Amino acid sequence: MNRRDFLYRTGAGLAWLTTPAFAMGADHRMKYLLQASEGFSNLIPDADVQTAVWQYNRQTPGPVIRIKQGETLQIPFSNNLAQPTSIHWHGLRIENRMDGVPGMTQSVIEPGTEFLYEFTPPDAGTFWYHTHNRSWEQMARGLHGVLIVDEKEPIVVDQDLVWVIDDWLIDRDGNIEESSLGNLHDWAHGGRMGNLLTVNGKSQPEYPVFKGERIRLRLINVANARIMNLRFTNDRPQVIAIDGQPINPMPLQNSALTLAPGQRMDLILDMSLNPGQRTNMEFYAGDEGMVAASLVYDPQKVVREEILDSNIRLSENPLSTELNLEKAKQVDLSIEGGAMGRLREAVFNGDKLPIRDLVKEKKIWALNGITGLPKEPLFSVNRGETAVIKMDNKNSWPHAMHIHGHHFRNSEAGNEFDAAWRDTILLNPGDQERIAFVADNPGKWLIHCHMIEHQAGGMVTWFEVV
Ligand code: C2O
Ligand code: CU
């Protein structure tokens, strides 16, 4: 499988420039101007083709917004698109009114207007931002970027890299394939899959490294629907964070990982090969793999002969980790629908509709028999209470269930809770997972599948912390 095969058979730009939009004000407030507009990006390898995309600050992906833990971000955002939009700050446990969900936490930001986002992220880590309006179209056209919150006491590394992994559906002229945007067949199956894999908006980019360097590598899957199966050919990565939250460092099993849409992983790689060699991150499916991005060793220079032995454990974030499972609010969430899903009827906007009518509304997924955003919350909890949601994936498709404003631990049917605190979890067909979290962030929060076409097709609900 080479990149052309990937491009034409199934269905990998511009490296980000440091933007001059930063200004540090008094009282730890960081001002960052952000604007969305139409633009062009050179996505296609070896071709002089500019693809029309939608961008933040004229970059694909959007700029890396970076602050230190404890600082306040002030983001005057202007919408220069022809469509209304909004920005959601994925994984950040911030104030509800800054969460960016139209119709729930704010109104849409109309074309030609502005909205001031302002928040103080409590957690250090790797996060991202993306449109939360017509995301099935706006995200597919490129509206996403990275938000990094640096630890107050960072670990020592030689390079800190972010790899934003995406797939684009491009036609033979190099344009975004538009006829499939909104395609019901995709919505009812695995989502709209791309045919061009990119890392930081480029196909198979190469990053220079020196022997002996310690690299922190932040991986983010921003694709609308594709689950990324990735593996490293060398250098035995260690995992230090999942979905932005630190874990006890551990080796990456078989040097392979799976990132569902929305998920992140922070790795440490100690570059231990010889000058002139390379370590690839490969995307793979079954037995076949292709290079997604590479770390290329300088032909001569060696930074150090021994691997650094300094600590790679990240400092704790101020999460509420005391789960009160005995007194928890228990909620069942049945995930239904899709192709081969035998969904016969579901409640939409308060009315029970047969599947025939649901299809006309493009609502083909349901949570507990309801499709689309319900008027009433799935549940309501008092601030500080523990919530346990038992998710049951009763259909034929995988789903990446995401929760706004909170991080949770999960346990697969019958098992102990995993140590990691995630914001997005992958459920394969037939999987049952319990997720548990302390509902400590007041407001109205979404629960939805991060395979964006599933969300659009009805797989979305919400809960309230009062
Ligand atoms: Cu990253 Cu509601 O999503
Ligand atoms: Cu889904």
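Residues numbered from 1 in each chain as written. Chains lettered and ligands numbered in written order. Predicted model: local features only at pLDDT ≥ 70, side-chain atom pairs only at ≥ 80, totals over all residues. Heavy atoms only, no water.

A. Summary view of the sheet that holds strand E33 (residues 443–449). If you walk across this open sheet you meet the five strands as E27-E34-E33-E29-E31, and the pairing is mixed. Two strands lie at the open edges of the sheet, namely strand E27 (379–381) and strand E31 (424–427), each paired on one side alone. Neighbour-to-neighbour, the strand axes of this sheet turn through a mean angle of 20 degrees, independent of strand direction. Two elements, strand E29 (residues 399–403) and E33, share three bridges in a ladder whose sense is antiparallel. (Pairing = 2+ DSSP bridges. Helix = DSSP H or I, 4+ residues; strand = E, 2+ residues; numbered from the N terminus. Axes fitted to C-alpha atoms, helices over the stretch in contact; angles between N-to-C directions.)

B. How the structure looks around the sheet that holds strand E14 (residues 214–221). Ordered in space as E12-E11-E14-E19-E16-E17, the six strands form an open sheet in which the pairing is mixed. Looking at which strands have only one partner, the edges of the open sheet turn out to be strand E12 (196–199) and strand E17 (245–251). Between one strand and the next, the sheet's axes are offset by a mean angle of 20 degrees, whatever the strand orientation. For strand E16 (residues 238–242) and strand E19 (residues 264–270), the ladder comprises four bridges, and the chain directions are antiparallel. If you follow Gln238 over to E19, its bridge partner there is Ile268.

C. Fine view of the coordination of the copper ion (ligand 2). Only His399 (ND1), Cys449 (SG) and His454 (ND1) from the protein coordinate the copper ion (ligand 2), and they sit 2.0 to 2.1 Å from it. Read N to C, the donor residues that coordinate the copper ion (ligand 2) are spaced as H-x49-C-x4-H. Separated by 50 residues along the polypeptide, His399 in strand E29 and Cys449 in strand E33 bring together distant segments of the chain. On the basis of relative accessible area, His399 is assigned to the buried category, the value being 0%. Cys449 gets classed as buried once you look at its relative accessible area, which sits at 0%. (Donors = N, O, S within 2.8 Å, 3.2 Å for Na, K, Ca; no water. Buried < 20%, exposed > 50% of the residue type's maximum accessible area, 1.4 Å probe, protein only.)

D. Region of the structure containing the nonpolar core. Core analysis: the largest hydrophobic core is formed by 47 residues, its most contacted members being Phe379, Ile389, Met401 and Phe437. Excluding its chain neighbours within four sequence positions, the residues that come into contact with Ile389 are Val331, Leu333, Phe379, Ile403, Glu433, Arg434, Ile435, Phe437 and Ile447. Listed in part, the 33 residues of the second largest apolar core include Ile165, Met228, Met271 and Leu273. (Core = buried A, V, L, I, M, F, W, Y, C linked by side-chain atoms within 4.5 Å. Contact = heavy atoms within 4.5 Å.)

E. Looking closely at the pairing of strand E22 (residues 329–337). Bridging between E22 and strand E28 (residues 386–393) involves seven bridges; their strand directions are parallel. Looking at E28, one finds that Val331 is bridged to Ile389. Here E22 runs beside strand E25 (residues 365–367); their pairing, made up of three bridges, is antiparallel. Pairing of Glu336 across the sheet is with Ala366, part of E25.

F. View of the domain arrangement of the chain. In terms of domains, the chain is made up of domain 1 (3–151), domain 2 (160–302) and domain 3 (329–465). Taking the mean C-alpha position of each, domain 2 and domain 3 sit 27 Å from one another. Regarding the contact of domain 2 and domain 3, the summed buried area is about 1900 Å², with carbon and sulfur atoms giving 62% of it. Here domain 2 is connected to domain 3 by one salt bridge. A salt bridge links Asp423 to Arg264; the nearest nitrogen and oxygen atoms lie 2.8 Å apart. Counting across the interface, domain 2 meets domain 3 through 12 residue pairs in polar contact (both at pLDDT 80 or more). Going through the elements one at a time, helix H3 (184–188) and E17 are the ones with two or more residues in the side of domain 2 that touches domain 3. Considering every element that reaches the side of domain 2 that touches domain 3, the biggest residue donor is H3, with three residues. Of the residues belonging to the side of domain 2 that touches domain 3, the class tally is nine nonpolar, nine polar and three charged. (Domains from an automatic or database assignment. Buried area = accessible area lost by both parts, 1.4 Å probe. Salt bridge = Lys/Arg side-chain N within 4 Å of Asp/Glu carboxyl O. Polar contact = N/O pair within 3.5 Å; in protein donor to acceptor, adjacent residues only side chain to side chain. Nonpolar A, V, L, I, M, F, W, Y, C, P; charged D, E, K, R; others polar.)

G. Region of the structure containing unusual backbone geometry. Residue Pro61 is bonded to the preceding Thr60 through a cis peptide linkage, with omega at -10 degrees. Tracing the backbone through its elements, the reader meets Pro61 in the loop between strand E4 (51–56) and strand E5 (64–68). The backbone phi angle of Asn57 is positive, close to 50 degrees, even though this residue is not glycine. The residue Asn57 is located in the loop between E4 and E5 in this model.

H. Representation of the pattern of salt bridges within the structure. With the rule as written, the count across this model stands at 27 salt bridges. Among the salt bridges present, the one from Arg231 reaches Glu282, with a minimum N-O distance of 2.9 Å. Taken together, the residues Arg231 in strand E15 (residues 228–232) and Glu282 in strand E20 (residues 278–285) connect sequence positions 51 residues apart. In this structure Glu282 comes out as buried when scored by relative accessible area, which is 17%. The residue Glu316 makes a salt bridge to Arg313 at a minimum N-O spacing of 3.3 Å.

I. Quick look at the pairing of strand E2 (residues 29–32). Side chains of E2 alternate between two faces, with Met30 and Tyr32 buried and Arg29 and Lys31 left unburied. The pairing of E2 with strand E6 (residues 72–79) spans three bridges and is parallel. Note that in E6 the partner of Arg29 across the bridge is Thr72.

J. Region of the structure containing the side chain of Thr72. Checked against the element boundaries, Thr72 lands in strand E6. Polar side-chain contacts of Thr72 include one of 2.8 Å to the side chain of Thr120. Other than its neighbours up to four places away in sequence, Thr72 contacts His28, Arg29, Met30, Glu118, Phe119 and Thr120.

K. Seen up close, the environment of Gly341. By secondary structure assignment, the location of Gly341 is in the loop between E22 and strand E23 (345–348). Spatially, the C-alpha atom of Gly341 lies 39 Å from that of Ile148, the residues being 193 residues apart in sequence.

L. Summary view of the packing of aromatic side chains. Tallying each qualifying case throughout the model produces 10 aromatic pairs. Judged by centre distance (5.1 Å) and plane angle (55 degrees), the ring pair of Trp89 and Phe119 falls under tilted. Pair noted here: Trp89 is in strand E7 (residues 87–90) and Phe119 is in strand E8 (residues 114–119), with a separation of 30 residues, a long-range link. Accessibility assignment for this pair places Trp89 and Phe119 in one class, buried. Ring centres of Trp89 and Tyr129 lie 5.5 Å apart, and the angle between their planes is 40 degrees; on these two criteria the pair is classed as tilted. (Phe/Tyr/Trp six-rings, centres within 6.5 Å; stacked < 30°, edge-to-face > 60°.)

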